[in-house]
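# A structural walkthrough
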Amino acid sequence: MLFSMSNSIMAQDITFRKEYAFSHGIIWVKDFCKNSLSCKHRGSFTIPQTHQKDGKTYIVDEIHDSFIKCNLSSIVISNSVSSIGKSFQECKNLKTATLSTNLKKISKCFIDCGLTSVTIPNSVTRLSESFHRCNYLTSIIIPNSNNVEIYKCFIDCGLISVTIPNVDYIRDSFNDCKSLTSVTFTNSVTKVKVIDINNCFNDCGLTSVTVPNGFSFFECFNKCKSLTSVTLTDGSYISRCFNDCKSLISVTLTDGSHIRRCFNNCKSLTSVTIPNGVTDISESFNENYKSLSITIQNPTPPSCSSSFYNKSMEEFQKCTIYVPKGSISAYQKDETWGKFNIKEIE
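Here's a quick rundown of the structure. Residues take numbers from 1 onward in each chain, read along the sequence in its written order. Given that this is a predicted model, residues contribute local features only at a pLDDT of at least 70 and side-chain atom pairs are listed and counted only at 80 or more, while totals for whole chains, interfaces and linings are drawn from all residues. Just so you know, side-chain values use all the structure's heavy atoms and leave hydrogens and water out.

The subject of this paragraph is the overall build of the protein chain. The helix and strand inventory of the protein chain stands at three helices and 27 strands. Relative accessibility thresholds used throughout: buried, under 20% of the residue-type maximum; exposed, over 50%; partly exposed, between the two (1.4 Å probe, protein chains only). Counting the 346 residues in the protein chain, one finds 50% classified as buried. We call two residues contacting when some pair of their heavy atoms lies within 4.5 Å. A sequence separation of at least 24 residues applies to 29% of the contacts in the protein chain between residues at least 6 apart. In these tables, accessible area is a Shrake-Rupley quantity obtained with a 1.4 Å probe, and a residue counts as shielded only by the protein chains included in the view. Looking at the protein chain as shown, the accessible area adds up to about 15700 Å², and 47% of this sits on carbon and sulfur atoms. Helix and strand assignments follow DSSP, with helices taken as H or I runs no shorter than four residues and strands as E runs no shorter than two, numbered in order from the N terminus.

Written out as structure tokens, the structure reads:
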């Protein structure tokens with residue numbers, strides 16, 4: 001056995017799943033090792049694949065409400081386990097966790113733990129409300145699968161860099177990670193599949209971001225105080241992103257970029273290029289009081305409804321827009337663009 005008798009799961013720690021017990025032989029681990037004051041389990045611990053009871057062998061399939069405030073430093077979850085929930089919380093000494101390669105769901109686990117790195121198995125399809133306040137967690141590996149859903153995970157962690165593969169969607173995750181300086185998005189997404197990322201990477205330590213095609217971002221990358229540059233690629237879509245980024249000085253868009261309600265209150269922003277294929281920047285670039293240089297490559301003024309508001313005429317004149325030759329008249333006639341100091345692109 002890989003664990004000592006003192007670290008063994010006892011019969012009273014096993015809960016039978018009545019609906020499956022007789023026909024499938026599946027059981028739970030529940031209410032096990034829940035208080036550090038009475039926890040005798042230290043060092044490493046392995047969840048067994050099977051459990052013997054009344055002469056029968058049962059498969060250990062799930063873990064629930066277990067390992068709360070325990071003293072373990074290492075946990076190995078056997079490959080029979082397919083789901084873990086409300087477990088491994090406030091385990092300050094837990095440094096490593098080896099997860100089942102058949103694990104499908106992780107919910108409300110590994111909160112306020114001492115983990116330093118974790119690999120999410122490729123089998124996982126649902127990862128929710130887990131890995132919060134893991135201050136020593138600097139590295140994670142997320143499975144490259146279109147079936148993975150990530151919800152409210154990796155919040156206020158010590159992550160330094162993250163690679164986002166082809167998942168189904170990510171929501172309310174990777175926020176308040178002050179040490180997170182780099183995020184990489186894989187760009188092997190097909191046009192058939194668009195990855196939704198919603199309310200993520202806010203108030204992080206990112207310094208630069210490249211938004212790839214095939215991704216849709218909503219309410220992301222806001223209040224990133226160290227962010228200085230943003231590049232959007234063809235086909236990228238962002239809404240309510242990159243607001244209140246006080247250090248942002250450069251924004252580069254490309255043909256096919258879609259933006260709405262972005263880059264507001266970025267008071268250090270000095271330049272932005274709007275390519276020919278971008279036709280709408282509505283509700284963006286507000287409250288940017290410093291001198292702003294905008295290069296617009298489209299001879300037809302792009303829609304900018306509710307953009308650049310709260311500016312006096314003097315402030316507008318401090319901002320210069322560069323437009324294609326022969327299009328100054330069209331921009332002068334526009335209700336908003338006409339307020340700027342307009343020059344032709346040389």
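Every case where a carboxyl oxygen of Asp or Glu lies within 4 Å of a side-chain nitrogen of Lys or Arg is listed as a salt bridge. Per the counting criterion, the structure on display carries eight salt bridges. Lys92 is the salt-bridge partner of Asp112, the closest N and O atoms lying 2.8 Å from each other. A residue pair is termed long-range when its members are at least 10 positions apart, and Asp112 in the loop between β9 (105-107) and β10 (117-119) and Lys92 in the loop between β7 (83-85) and β8 (96-98) qualify at 20 residues. Since its relative accessible area comes to 18%, Asp112 is described here as buried. A salt bridge links Arg260 to Glu283; its shortest N-O distance comes to 3.3 Å. One end of the pair, Arg260, is in strand β23 (residues 258-260); the other, Glu283, is in the loop between β24 (271-274) and β25 (293-296), with 23 residues separating them in the sequence. Here Arg260 falls in the partly exposed class, since its relative accessible area comes to 35%. In the salt-bridge network here, residues are joined through shared partners; they are Arg260, Arg261, Asp280 and Glu283.

Let's shift gears to the state of the cysteines. The disulfide criterion is simple: two cysteine sulfur atoms within 2.5 Å. As enumerated under the stated definition, the model contains zero disulfides in all. For the unlinked cysteine Cys200, the closest cysteine sulfur is that of Cys220, found at 5.0 Å. A disulfide-free cysteine, Cys241 has its sulfur positioned 4.8 Å from the sulfur of Cys220, the nearest such atom. With a relative accessible area of 0%, Cys241 lands in the buried category.

For our purposes a nonpolar core is just a set of buried Ala, Val, Leu, Ile, Met, Phe, Trp, Tyr and Cys residues, chained together by side-chain atoms within 4.5 Å. With 91 residues, the main nonpolar core has Ile164, Ile197, Phe201 and Phe263 as its most contacted residues. Looking at this core element by element, the count peaks at three residues for strand β6 (residues 71-77). Each residue touching Phe201, except ones within four places of it in the same chain, is listed here: Ile164, Ser173, Phe174, Asn175, Leu180, Val183, Phe185, Leu206, Phe221, Asn222 and Cys224.

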